[in-house]
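Residue-level structural notes
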Amino acid sequence: MTLIQEIKTCGLEDPALEPNFDKLLQMSVTPQKAPDKDTYVEIEFEKGIPIAINGKKSSAKELLETANKLAGENGIGIADIVENRLVGMKSRGVYETPGGTLLYQAHEYLEHLCLDRDTYQYKLNIANEFAKLVYNGLWFSPLRAALSAFVDETQKTVTGKVKLKLYKGNIIYAGATSPYSLYSESLASFTTGDLYNHKDAEGFINLFGLPLKVRAMLLGDKTDG
(Lines give C-alpha, C1' and ligand atoms only; values in the text may rest on other atoms or scores of the structure.)
Protein backbone atom coordinates (compact mmCIF):
# COMPACT_ATOMS: atom_id res chain seq x y z
CA MET A 1 0.00 0.00 0.00
CA THR A 2 1.35 3.43 -0.95
CA LEU A 3 1.60 6.32 1.51
CA ILE A 4 -1.30 8.10 -0.22
CA GLN A 5 -3.48 5.00 0.05
CA GLU A 6 -2.50 4.58 3.70
CA ILE A 7 -3.49 8.19 4.43
CA LYS A 8 -6.86 7.67 2.80
CA THR A 9 -7.56 4.54 4.82
CA CYS A 10 -6.81 6.50 8.02
CA GLY A 11 -9.48 9.06 7.13
CA LEU A 12 -7.12 12.05 7.22
CA GLU A 13 -7.94 13.91 4.02
CA ASP A 14 -11.69 14.29 4.53
CA PRO A 15 -12.72 16.44 7.54
CA ALA A 16 -16.11 14.72 7.45
CA LEU A 17 -14.55 11.37 8.36
CA GLU A 18 -13.53 10.17 11.80
CA PRO A 19 -9.80 9.29 11.88
CA ASN A 20 -8.77 5.69 12.31
CA PHE A 21 -6.85 6.22 15.54
CA ASP A 22 -5.84 2.56 15.77
CA LYS A 23 -3.69 3.08 12.67
CA LEU A 24 -2.54 6.61 13.45
CA LEU A 25 -1.47 6.69 17.07
CA GLN A 26 2.14 5.81 17.88
CA MET A 27 2.62 7.14 21.44
CA SER A 28 -0.92 7.19 22.77
CA VAL A 29 -4.10 5.24 23.25
CA THR A 30 -7.55 6.69 22.79
CA PRO A 31 -9.33 7.80 25.99
CA GLN A 32 -11.68 4.83 25.61
CA LYS A 33 -8.72 2.45 25.89
CA ALA A 34 -7.02 4.28 28.75
CA PRO A 35 -7.05 2.69 32.23
CA ASP A 36 -10.21 3.14 34.26
CA LYS A 37 -8.29 4.66 37.18
CA ASP A 38 -6.63 7.93 38.13
CA THR A 39 -2.94 8.57 37.55
CA TYR A 40 -1.37 11.33 39.64
CA VAL A 41 1.63 13.23 38.31
CA GLU A 42 3.69 15.95 40.00
CA ILE A 43 5.77 18.24 37.80
CA GLU A 44 8.35 20.65 39.17
CA PHE A 45 9.36 23.85 37.38
CA GLU A 46 12.22 26.27 37.85
CA LYS A 47 11.87 29.65 36.15
CA GLY A 48 9.27 28.19 33.79
CA ILE A 49 11.35 25.15 32.82
CA PRO A 50 10.29 21.63 33.87
CA ILE A 51 13.06 19.98 35.86
CA ALA A 52 11.43 16.95 37.51
CA ILE A 53 8.50 14.55 37.25
CA ASN A 54 7.31 12.74 40.37
CA GLY A 55 10.37 13.95 42.24
CA LYS A 56 12.88 12.61 39.71
CA LYS A 57 15.11 15.23 38.10
CA SER A 58 16.51 14.42 34.66
CA SER A 59 17.44 15.91 31.31
CA ALA A 60 14.91 17.65 29.09
CA LYS A 61 14.88 14.65 26.75
CA GLU A 62 14.23 12.18 29.57
CA LEU A 63 11.54 14.41 31.07
CA LEU A 64 9.68 14.58 27.79
CA GLU A 65 9.98 10.81 27.32
CA THR A 66 8.54 10.27 30.80
CA ALA A 67 5.76 12.77 30.15
CA ASN A 68 4.98 11.10 26.81
CA LYS A 69 4.67 7.72 28.50
CA LEU A 70 2.49 8.85 31.40
CA ALA A 71 0.20 11.02 29.30
CA GLY A 72 0.09 8.66 26.33
CA GLU A 73 -1.05 5.77 28.50
CA ASN A 74 -3.97 7.92 29.68
CA GLY A 75 -5.15 9.14 26.28
CA ILE A 76 -3.84 12.70 26.75
CA GLY A 77 -2.87 15.06 23.93
CA ILE A 78 -4.70 13.77 20.84
CA ALA A 79 -5.63 16.67 18.53
CA ASP A 80 -7.76 16.54 15.38
CA ILE A 81 -7.69 20.00 13.77
CA VAL A 82 -8.14 21.84 10.50
CA GLU A 83 -5.27 24.33 10.35
CA ASN A 84 -4.22 27.17 8.06
CA ARG A 85 -0.94 26.81 6.22
CA LEU A 86 1.30 29.79 5.46
CA VAL A 87 0.27 29.81 1.79
CA GLY A 88 -3.41 30.05 2.71
CA MET A 89 -4.77 26.56 2.13
CA LYS A 90 -6.40 24.59 4.91
CA SER A 91 -5.05 21.23 6.03
CA ARG A 92 -6.62 18.61 8.26
CA GLY A 93 -4.19 16.96 10.64
CA VAL A 94 -4.26 14.53 13.54
CA TYR A 95 -1.50 15.01 16.07
CA GLU A 96 -0.51 13.29 19.27
CA THR A 97 1.44 15.36 21.78
CA PRO A 98 0.95 13.57 25.09
CA GLY A 99 4.01 14.86 26.91
CA GLY A 100 3.79 18.33 25.42
CA THR A 101 0.15 18.68 26.45
CA LEU A 102 0.89 17.51 29.99
CA LEU A 103 3.82 19.90 30.47
CA TYR A 104 1.99 22.80 28.84
CA GLN A 105 -1.07 22.55 31.05
CA ALA A 106 1.01 22.11 34.21
CA HIS A 107 3.03 25.18 33.28
CA GLU A 108 -0.09 27.20 32.54
CA TYR A 109 -1.58 26.33 35.93
CA LEU A 110 1.61 27.45 37.69
CA GLU A 111 1.55 30.72 35.74
CA HIS A 112 -1.99 31.38 37.02
CA LEU A 113 -0.53 31.14 40.52
CA CYS A 114 2.65 33.18 39.98
CA LEU A 115 1.86 35.88 37.40
CA ASP A 116 -0.26 38.96 37.91
CA ARG A 117 -3.37 39.33 35.78
CA ASP A 118 -2.09 41.91 33.29
CA THR A 119 1.20 40.11 32.63
CA TYR A 120 -0.53 36.78 32.13
CA GLN A 121 -3.15 38.20 29.77
CA TYR A 122 -0.55 40.05 27.69
CA LYS A 123 1.57 36.90 27.53
CA LEU A 124 -1.39 35.11 25.93
CA ASN A 125 -1.21 37.61 23.05
CA ILE A 126 2.53 37.09 22.81
CA ALA A 127 2.03 33.32 22.74
CA ASN A 128 -0.23 33.51 19.69
CA GLU A 129 2.26 35.65 17.76
CA PHE A 130 5.17 33.46 18.90
CA ALA A 131 3.38 30.30 17.73
CA LYS A 132 2.64 31.86 14.35
CA LEU A 133 6.29 32.81 13.83
CA VAL A 134 7.53 29.35 14.72
CA TYR A 135 4.85 27.63 12.60
CA ASN A 136 5.88 29.76 9.63
CA GLY A 137 9.56 28.89 10.04
CA LEU A 138 10.69 32.27 11.36
CA TRP A 139 12.54 31.11 14.45
CA PHE A 140 15.61 33.21 13.59
CA SER A 141 13.66 36.43 13.01
CA PRO A 142 14.34 39.50 15.19
CA LEU A 143 10.71 39.56 16.32
CA ARG A 144 10.88 36.00 17.62
CA ALA A 145 14.04 36.88 19.58
CA ALA A 146 12.36 39.95 21.06
CA LEU A 147 9.28 37.97 22.07
CA SER A 148 11.50 35.34 23.69
CA ALA A 149 13.11 38.07 25.81
CA PHE A 150 9.67 39.12 27.06
CA VAL A 151 8.71 35.54 27.86
CA ASP A 152 12.00 34.92 29.70
CA GLU A 153 11.30 37.93 31.90
CA THR A 154 7.83 36.63 32.81
CA GLN A 155 9.22 33.23 33.81
CA LYS A 156 11.56 34.45 36.56
CA THR A 157 8.95 33.68 39.22
CA VAL A 158 7.31 30.64 37.60
CA THR A 159 8.88 28.18 40.02
CA GLY A 160 7.07 25.49 41.95
CA LYS A 161 5.29 22.16 41.79
CA VAL A 162 2.03 21.24 40.08
CA LYS A 163 0.03 18.11 40.81
CA LEU A 164 -2.26 16.74 38.10
CA LYS A 165 -4.69 13.85 37.87
CA LEU A 166 -4.90 12.05 34.52
CA TYR A 167 -8.04 10.15 33.63
CA LYS A 168 -9.18 8.93 30.20
CA GLY A 169 -8.00 11.90 28.15
CA ASN A 170 -8.60 14.47 30.88
CA ILE A 171 -6.08 16.50 32.84
CA ILE A 172 -7.55 17.49 36.20
CA TYR A 173 -5.68 19.97 38.37
CA ALA A 174 -4.95 18.65 41.85
CA GLY A 175 -3.01 21.52 43.41
CA ALA A 176 0.10 23.66 43.06
CA THR A 177 2.67 25.29 45.33
CA SER A 178 5.23 28.01 44.69
CA PRO A 179 7.48 30.25 46.78
CA TYR A 180 6.35 33.06 44.45
CA SER A 181 2.62 32.37 44.69
CA LEU A 182 0.51 35.53 44.51
CA TYR A 183 -2.43 33.77 46.11
CA SER A 184 -3.40 35.12 49.53
CA GLU A 185 -6.00 33.22 51.51
CA SER A 186 -6.88 36.28 53.59
CA LEU A 187 -7.53 38.31 50.45
CA ALA A 188 -9.34 35.52 48.64
CA SER A 189 -11.76 34.99 51.52
CA PHE A 190 -12.72 38.69 51.72
CA THR A 191 -13.34 38.14 55.44
CA THR A 192 -9.98 38.41 57.21
CA GLY A 193 -6.72 40.28 56.94
CA ASP A 194 -5.66 43.92 56.88
CA LEU A 195 -5.02 44.43 53.16
CA TYR A 196 -8.63 44.33 52.01
CA ASN A 197 -11.78 45.83 53.46
CA HIS A 198 -14.92 44.66 51.68
CA LYS A 199 -16.51 48.06 52.33
CA ASP A 200 -14.01 49.56 49.90
CA ALA A 201 -15.78 47.74 47.06
CA GLU A 202 -18.69 50.20 47.11
CA GLY A 203 -16.51 53.17 46.19
CA PHE A 204 -14.57 51.15 43.63
CA ILE A 205 -17.76 50.00 41.91
CA ASN A 206 -19.02 53.57 41.71
CA LEU A 207 -15.79 54.81 40.16
CA PHE A 208 -15.35 51.84 37.85
CA GLY A 209 -18.89 52.10 36.54
CA LEU A 210 -18.82 55.89 36.15
CA PRO A 211 -18.14 55.92 32.36
CA LEU A 212 -21.11 53.58 31.79
CA LYS A 213 -23.31 55.68 34.04
CA VAL A 214 -22.40 58.85 32.11
CA ARG A 215 -23.09 57.10 28.80
CA ALA A 216 -26.46 55.84 30.05
CA MET A 217 -27.41 59.36 31.15
CA LEU A 218 -26.41 60.74 27.75
CA LEU A 219 -28.39 58.10 25.85
CA GLY A 220 -31.33 58.64 28.15
CA ASP A 221 -31.37 62.37 27.47
CA LYS A 222 -31.25 61.81 23.73
CA THR A 223 -33.98 59.18 23.88
CA ASP A 224 -36.24 61.42 25.92
CA GLY A 225 -35.75 64.22 23.40
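Shown above is the structure to which this text applies.
About the thresholds
- Residues numbered from 1 in each chain as written.
- Predicted model: local features only at pLDDT ≥ 70, side-chain atom pairs only at ≥ 80, totals over all residues.
- Heavy atoms only, no water.
- Helix = DSSP H or I, 4+ residues; strand = E, 2+ residues; numbered from the N terminus.
- Polar contact = N/O pair within 3.5 Å; in protein donor to acceptor, adjacent residues only side chain to side chain.
- Buried < 20%, exposed > 50% of the residue type's maximum accessible area, 1.4 Å probe, protein only.
- Phe/Tyr/Trp six-rings, centres within 6.5 Å; stacked < 30°, edge-to-face > 60°.
- Lys NZ or Arg CZ within 6 Å of the ring centre and 35° of its normal.
- Patch = residues over 30% accessible without salt bridge, like charges linked within 9 Å, V, L, I, M, F, W, Y side chains within 5 Å.
- Areas by Shrake-Rupley, 256 points an atom, 1.4 Å probe, with all protein chains shown as cover.
- Salt bridge = Lys/Arg side-chain N within 4 Å of Asp/Glu carboxyl O.
- Expected span 1.5 Å × (residues − 1).
- Arc of directions from axis to C-beta.
- Contact = heavy atoms within 4.5 Å.
- Core = buried A, V, L, I, M, F, W, Y, C linked by side-chain atoms within 4.5 Å.

Another aspect to go through is the environment of Asp-14. Topologically, Asp-14 is positioned in the loop between α1 (3-9) and α2 (21-24). The sequence separation of Asp-14 and Ser-91 amounts to 77 residues, and the corresponding C-alpha distance is 9.7 Å. Polar side-chain contacts of Asp-14 include one of 2.9 Å to the backbone nitrogen of Ala-16.

Moving on: unusual backbone geometry. Glycine aside, a negative phi is what most residues show, and trans is what most peptide bonds show. For Asn-54, which is not glycine, the phi dihedral falls at a positive 55°. With respect to the helices, strands and loops of the structure, Asn-54 is situated in the loop between β2 (49-53) and β3 (56-57). Asn-54 gets classed as partly exposed once you look at its relative accessible area, which sits at 44%. In this model, Lys-168 sits at a positive phi of 45°, which is unusual for a non-glycine residue. In this structure, Lys-168 sits in the loop between β6 (160-167) and β7 (170-177). For Lys-168, a relative accessible area of 24% puts it in the partly exposed group.

A separate point is the packing of aromatic side chains. If you walk through the whole model with that rule in mind, you get four aromatic pairs. For the ring pair Phe-130 and Trp-139, a centre distance of 6.0 Å and an interplane angle of 85° mean the geometry is edge-to-face. The lysine or arginine in question, Lys-163, covers the ring of Tyr-40, its NZ or CZ lying 5.0 Å from the ring centre.

Let us look at a nonpolar patch on the surface. The grouping of Leu-86, Val-87 and Met-89 at the surface amounts to a nonpolar patch, some 340 Å² of accessible area in total. The partly exposed category is assigned to Met-89, whose relative accessible area is 44%.

The subject of this paragraph is helix α5 (residues 117-135). Across its 19 residues, α5 extends 27 Å between first and last C-alpha, which sits within 8% of the 27 Å expected from 1.5 Å per residue. Within the sequence span of α5, burial applies to Tyr-120, Lys-123, Ile-126, Phe-130 and Leu-133. For α5, the angular spread of the buried residues around the axis is 120°, confining them to a single face. Pointing more than 90 degrees away from the buried face of α5 are the exposed residues Arg-117 and Asn-128. Where the residues of α5 are buried, they touch α4 (98-114) and α6 (142-154). Measuring from the backbone nitrogen of Asp-118 back to the side-chain oxygen at the start of α5 gives 3.3 Å, which picks out Asp-116 as the cap. A positive backbone phi angle near 80° is found at Gly-137, which sits one or two residues after α5.

With 22 residues, the main nonpolar core has Val-41, Ile-43, Ile-53, Leu-102, Leu-110 and Leu-164 as its most contacted residues. Breaking this core down by element, the ones donating at least two residues are β1 (39-46), α3 (60-73), α4 and β6. Per-element accounting of this core gives the leading share, six residues, to α4. Among residues more than four places away in sequence, those in contact with Ile-43 are Pro-50, Ala-52, Ile-53, Leu-102, Leu-103, Ala-106, Gly-160, Lys-161, Val-162 and Leu-164.

This part is about the pattern of salt bridges. The final tally for this structure, using the stated rule, is eight salt bridges. Here Lys-33 makes a salt bridge to Asp-22, at a shortest N to O gap of 2.9 Å. Remark: Asp-22 occurs in helix α2 and Lys-33 occurs in the loop between α2 and β1; sequence separation between them is eleven residues. A single burial state applies to Lys-33 and to Asp-22, both of which are exposed. The partner of Glu-111 in a salt bridge is Lys-123, and the shortest N-O contact between them spans 3.1 Å. Of this pair, Glu-111 sits in helix α4 while Lys-123 sits in helix α5, placing them twelve residues apart in sequence. The two residues Glu-111 and Lys-123 agree in class, both being buried.

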